[in-house]
Amino acid sequence: MSKKDSTTHGNVPAAPNRKPYKQAKFNDQHVAFGRGGEVHQTADHEHDIMTTQQGTPVSDDQNTLRVGARGPAALEDFHFREKLFHFDHERIPERVVHARGYGVHGFFELYEPLTKYSNADILQRKGEKTPAFVRFSTVAGNKGSFDLARDVRGFAVKLYTKEGNWDIVGNNIPVFFIQDAMKFPDLVHAAKEAPDRAFPQAQTAHDNFWDFISLMPESMNMVMWIMSDRAIPRSFRFMEGFGVHTFRLVNADGKSTFVKFHWKPKLGMQSVVWNEAMKINGADPDYHRRDMWQAIEMGDYPEWELGMQLFDEDFASKFDFDVLDATKLIPEEEVPVKIVGRLVLDRLVDNFFAETEQVAFCTQNIVPGVDFTNDPLLQGRNFSYLDTQVKRLGGPNFTHIPVNAPKCPFHHLQQDGHMAMHNPKGRVNYEPNSHQPGGPRESVEKGFHSYHANENGEKDRVRSESFADHYSQARQFYLSQTPVEQKHLADALIFELSKVEIEIIRVRMVSHLLNIDENLAKTVAEQLGMRQMPKAADAAMPTRMDLQQSPALSILKNGPDSFKGRKIGVLMSDGADGQLFEALSKAASQEGAIIEVVAPTIGGVITKDGKHVKAQQKIDGGPSVLYDAVALIVSADGAASLAKMPAARDFVTDAMAHFKFMAYTAEADALFVAAGIRTKLDAGCVLLNQDKAVNDFISKCRMLRFWERTP
Ligand code: HDD
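Conventions we followed
Residues numbered from 1 in each chain as written. Predicted model: local features only at pLDDT ≥ 70, side-chain atom pairs only at ≥ 80, totals over all residues. Heavy atoms only, no water. Helix = DSSP H or I, 4+ residues; strand = E, 2+ residues; numbered from the N terminus. Buried < 20%, exposed > 50% of the residue type's maximum accessible area, 1.4 Å probe, protein only. Contact = heavy atoms within 4.5 Å. Areas by Shrake-Rupley, 256 points an atom, 1.4 Å probe, with all protein chains shown as cover. Pairing = 2+ DSSP bridges. Core = buried A, V, L, I, M, F, W, Y, C linked by side-chain atoms within 4.5 Å. Domains from an automatic or database assignment. Buried area = accessible area lost by both parts, 1.4 Å probe. Salt bridge = Lys/Arg side-chain N within 4 Å of Asp/Glu carboxyl O. Polar contact = N/O pair within 3.5 Å; in protein donor to acceptor, adjacent residues only side chain to side chain. Donors = N, O, S within 2.8 Å, 3.2 Å for Na, K, Ca; no water. Near = heavy atom within 4 Å. Phe/Tyr/Trp six-rings, centres within 6.5 Å; stacked < 30°, edge-to-face > 60°. Lys NZ or Arg CZ within 6 Å of the ring centre and 35° of its normal. pLDDT = per-residue confidence, 0-100. Arc of directions from axis to C-beta.

Novice: Explain the overall build of the chain to me, please; I cannot follow it from the model alone.
Specialist: Helices and strands together make up the secondary structure of the chain, namely 18 helices and 21 strands. By principal-axis analysis of the C-alpha atoms, the chain measures approximately 95 × 90 × 55 Å. Burial status across the chain gives 52% buried among its 711 residues. Sequence-distant contacts, at least 24 apart, represent 72% of the contacts inside the chain between residues at least 6 apart. Carbon and sulfur atoms form 53% of the exposed surface of the chain, whose accessible area is close to 34,800 Å².

Novice: Explain the pairing of strand S6 (residues 153-161) to me, please; I cannot follow it from the model alone.
Specialist: Counting buried positions over the 9 residues of S6 gives 9, a clear majority of the element. The sheet contact formed by strand S5 (residues 129-138) and S6 spans 7 bridges and is antiparallel. Bridging across to S6, Ala-132 finds its partner in Leu-159. Relative to strand S7 (residues 164-171), S6 runs antiparallel, the two sharing 8 bridges.

Novice: Looking at this model, I keep getting lost on the nonpolar core. Mind explaining?
Specialist: Nonpolar side chains in soluble globular proteins generally cluster together in the buried interior. Membership of the largest hydrophobic core comes to 55 residues, with the highest contact counts inside it found for Phe-177, Trp-210, Ile-213, Met-224 and Leu-493. Among the secondary structure elements, those contributing two or more residues to this core are helix H2 (184-191), helix H3 (207-213), helix H4 (220-227), helix H10 (472-479), helix H11 (483-498), helix H12 (503-513) and helix H13 (518-527). Considering every element that reaches this core, the biggest residue donor is H4, with 7 residues. Counting residues in each nonpolar core, the second largest holds 38 residues, with Tyr-117, Trp-166, Leu-249 and Met-292 among its members.

Novice: For this particular structure, what's the right way to read the domain arrangement of the chain?
Specialist: Accessible area lost during the coming together of the parts is what is often quoted as the interface size. Under the domain assignment used here, the chain contains domain 1 (12-410 + 452-560) and domain 2 (563-709). Summarising the inter-unit geometry, the C-alpha centres of domain 1 and domain 2 are found 34 Å apart. At the interface, 24 residues of domain 1 touch 18 residues of domain 2. Summed over both partners, the interface of domain 1 with domain 2 comes to about 1,700 Å²; 53% of that surface belongs to carbon and sulfur atoms. Here domain 1 is connected to domain 2 by 5 salt bridges. If you look at where domain 1 meets domain 2, you find 11 residue pairs in polar contact (both at pLDDT 80 or more). Contributing elements (two or more residues each) for the side of domain 1 that touches domain 2: helix H5 (274-283), helix H6 (287-297) and H11.

Novice: How do you make sense of the coordination of the iron atom of the ligand when you look at a structure like this?
Specialist: Note on metal geometry: ideal angles are 109.5 degrees for four donors arranged tetrahedrally and 90 or 180 degrees for six donors arranged octahedrally. Counting protein donors around the iron atom of the ligand gives one, Tyr-385 (OH), at 2.0 Å. Relative to the helices and strands, Tyr-385 is located in helix H9 (residues 376-393).

Novice: Explain the sheet that holds strand S19 (residues 629-633) to me, please; I cannot follow it from the model alone.
Specialist: One key point about sheets: their strands pair by backbone hydrogen bonds, in either a parallel or an antiparallel sense. If you walk across this open sheet you meet the 6 strands as S18-S15-S14-S19-S20-S21, and the pairing is parallel. The open sheet has two edge strands, strand S18 (617-618) and strand S21 (685-687), and neither has a second partner. For strand S20 (residues 662-664) and S21, the ladder comprises 3 bridges, and the chain directions are parallel. Paired with Tyr-664 across the two strands is Leu-687, which belongs to S21.

Novice: Whenever I open this one, the side chain of His-512 confuses me. Can you help?
Specialist: Here His-512 shows up in helix H12. Ignoring any residue separated from it by four or fewer positions in sequence, one finds His-512 in contact with Ser-214, Pro-217, Met-220, Tyr-471 and Ala-537.

Novice: Explain the sheet that holds strand S2 (residues 29-33) to me, please; I cannot follow it from the model alone.
Specialist: With antiparallel pairing, the 3 strands of this open sheet are ordered in space as S1-S2-S3. Strand pairing shows two members of the sheet lacking a second neighbour, strand S1 (22-26) and strand S3 (39-40), which therefore form its edges. Note: S2 against S3, 2 bridges, orientation antiparallel. Bridge pairing in S3 links Ala-32 to His-40.

Novice: Explain the site of the ligand here, please?
Specialist: Close to the ligand lie 23 residues, the nearest being Arg-95, Arg-135, Arg-381, Tyr-385 and Gln-389. Arg-95 places a side-chain nitrogen or oxygen 2.6 Å from an oxygen atom of the ligand. One of the side-chain nitrogen or oxygen atoms of Arg-135 is found 2.6 Å away from an oxygen atom of the ligand. Within the residue set of the shell around the ligand, elements represented by two or more residues are S6, S7 and H9. The element that contributes the greatest number of residues to the shell around the ligand is H9, accounting for 7 residues.

Novice: Just to check I follow, could you spell out the packing of aromatic side chains for this structure?
Specialist: Where two aromatic rings form a pair, the distance of their centres and the angle of their planes describe that pair. According to the stated counting rule, one finds 23 aromatic pairs in the structure shown. Measuring from centroid to centroid gives 6.0 Å for Phe-177 and Phe-209, while their planes differ by 80°, and the two rings are edge-to-face. Of this pair, Phe-177 sits in the loop between S7 and H2 while Phe-209 sits in helix H3, and the two are 32 residues apart along the sequence. The two residues Phe-177 and Phe-209 agree in class, both being buried. Ring-pair connections join several aromatic residues into one group, and the members of that group are Phe-136, Phe-155, Phe-236, Trp-263 and Trp-304. In this arrangement the basic side chain of Lys-129 is found over the ring face of Phe-107, its NZ or CZ atom lying 4.4 Å from the centre. Seen from the ring of Phe-238, Arg-566 lies directly overhead, with NZ or CZ sitting 3.7 Å from the centre.

Novice: I keep staring at the environment of Lys-557 and nothing clicks. Help me out?
Specialist: With respect to the helices, strands and loops of the structure, Lys-557 is situated in the loop between H13 and strand S14 (567-572). Each residue touching Lys-557, except ones within four places of it in the same chain, is listed here: Ser-480, Gln-481, Thr-482, Gln-549 and Pro-551.

Novice: It is not clear to me how the confidence of the model for the chain should be interpreted in this structure. Could you clarify?
Specialist: Caution applies to low-pLDDT regions: their predicted coordinates should not be interpreted in detail. When pLDDT is averaged along the chain, the result is 96; 97% of the residues meet or exceed 70. pLDDT under 50 marks residues 1-14. Its contacts with residues more than four places away, or in other chains, come to 6 contacts.

Novice: How should helix H15 (residues 636-643) be read in this particular structure?
Specialist: For an α-helix, 3.6 residues make a turn, and residues three or four places apart therefore share a direction. For H15, the full list of buried residues reads Gly-638, Ala-639, Leu-642 and Ala-643. For H15, the angular spread of the buried residues around the axis is 135°, confining them to a single face. Buried residues in H15 make contact with S14, helix H16 (646-657) and helix H17 (669-675).

Novice: Teacher, can you tell me more about the pattern of salt bridges here?
Specialist: Once their charged atoms are close, side chains differing in charge can pair, the charge on each being opposite to the other. One pass over the full model with this rule turns up 46 salt bridges. Here Glu-332 and Lys-264 are joined by a salt bridge, their closest N and O atoms 2.7 Å apart. One end of the pair, Glu-332, is in the loop between helix H7 (313-318) and strand S12 (338-348); the other, Lys-264, is in strand S10 (residues 256-265), and 68 residues separate them in sequence. This pair shows no difference in class: Glu-332 is buried, exactly as Lys-264 is. Several salt bridges share partner residues, and in doing so they unite Arg-234, Arg-237, Asp-291, Asp-300, Lys-564 and Asp-628 into one network.

Novice: How should unusual backbone geometry be read in this particular structure?
Specialist: Peptide bonds are trans in most cases, and residues, glycine excluded, mostly fall at negative phi. A cis geometry characterises the amide bond from Phe-199 onward to Pro-200, with omega recorded as -5°. The topology assignment puts Pro-200 in the loop between H2 and H3. Across the junction of Glu-431 and Pro-432, the peptide omega takes the value 0°, indicating a cis bond. By secondary structure assignment, the location of Pro-432 is in the loop between H9 and H10.

Below you can see the structure in the form of structure tokens.
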């Protein structure tokens, strides 16, 4: 019998030794080799024994059952079949938009009772905490795309209230591209990859998107927002959220108050610059989700305050724009944002697929005391979300999935459907009935009542004339920006339209810009190399030139004046000043900021006083785009050797180009010379030549970026 083939018909030997036959050690790991040298780890305890999905214990998870060590596999190998069968069915359809997202658990805490406006239970008791789940997302990119795309960010909040789940499915931008949900499939088709070539994805800098948008003047306000720095947020933690639509709050007397929802980040708003965003995507495509994960892991729980713009029918009728038009906002200066509570995210998911991938938000999930308005976009959304969840999650029972299940008692007579986890017991699955007096029945007192709006009119496919002004708020947004932000917005339009191949689309967009701001239009046209200016696009309504600027629309006018939650990249070398590093680390920690050490090797550095400082990044994988500010604590020899490394030169040139504050020791000179920035060191660069210099640096960092460096 050949050594290789131990089994032949007739004289079947005794069952070979079932245990792997040779113990082995991989440094810290005790393993065992099987006959073919494959590695086996075995269960130490009864409860560690692996089983199949059916619960059958597994003896060998390394080898398929076969006839002879080199023979055919046996069809009866149920363990192999089940394992591969399940693997083959792991994927579900990604979301048709917002495919790439990141979910986190937390809670909402009410600051003060809002009984005057709403009888929603969640809005009744000061200090009460309600469990919440939030999913942040990009819109256009596929599930595996990168985080720092220029894009809207989804800001979907699920509140597990005592009266059922309330989903505020918002974005980080308060307006939207379109007014009627009818156009949403077209908008998404235009924004996503072209169907004939399956690119470009996760970006709008292409012909299809701008062709559609240049034929949709209603999107011009949104165009200003997505070309602004709002679309490249530094972190989910540093961006606002908005419910977008006008909703209703309804109190116990049935009185309705219009409301717009706002999420205000406690750490203030901050964005990156576009060149930085592109490089971050290369260095760390998961930048936003890693940022969120690290913050919560460190116990630095992200927090927003819930704000409400509350107004009545009288204001709505007098306001310059229609409160049902999702392409318009109400300036905070006209209706102040009343802060009513806070949202804290303090628990990461246990499993990304189970929670973040399977969570199902629906705009129709509201609770008593909240109601919809006739915003045509919201009306369409209310259909779409429920519809899409059935497709994505395989049937009508997606509320049986824990992350979607209400956390309050629920009673109904709905039954069956794919993957039903709980069906009503007994014979009664209808109502009214006489068999089950205690079964689910309606309640006039506790049940949801729609607001008694008085609706009438002709049935027709028609858009309200009050929606027709497409440029005035776009202009208001642009003029409300600082010069730095206006330049970023113009640069973004130039970048995007430069990727558009068909010239007439570029011309069409400039003709729209002429209805927003002539200087903006001229700057964009000039930078696109257009030889002559087109005439302004015809407008359904002329642009209002009298709208007041709204400072609340600017990021830079509302800076946090704090460096809390931000990150400093410290480039170090052997021979660095260890005490200076300690002082900087202490000052950063007191500010609530994080320090990461970047070094020539991941092994870290030995300081001049002989201490080992661990590194978190090797210079090639730790570019300065990953940090909000940088510091160079190096020796002269260290600087000389870093000067020879392109990644080290890029580290400082990028930091300067991205307007970051930079601290440095005099010994860094050789690197600055090699990088060609020695003469460019400005007031945003702090020489660490004395104790107070460290605190000077940290206080400068509170401005987040040194915009004076802008050429
Ligand atoms: Fe939407 C997902 C937000 C317009 C239809 N939308 C989706 C998500 C967010 C938003 C945050 C991700 C939810 C999650 O994390 O799972 N969508 C918005 C906002 C809009 C908006 C703020 C405009 C004000 N959406 C919009 C319209 C429609 C949809 C007009 C359709 C009529 N949205 C969907 C959807 C998605 C979705 C196709 C895809 C995945 C999902 O629902 O769960 O139903």
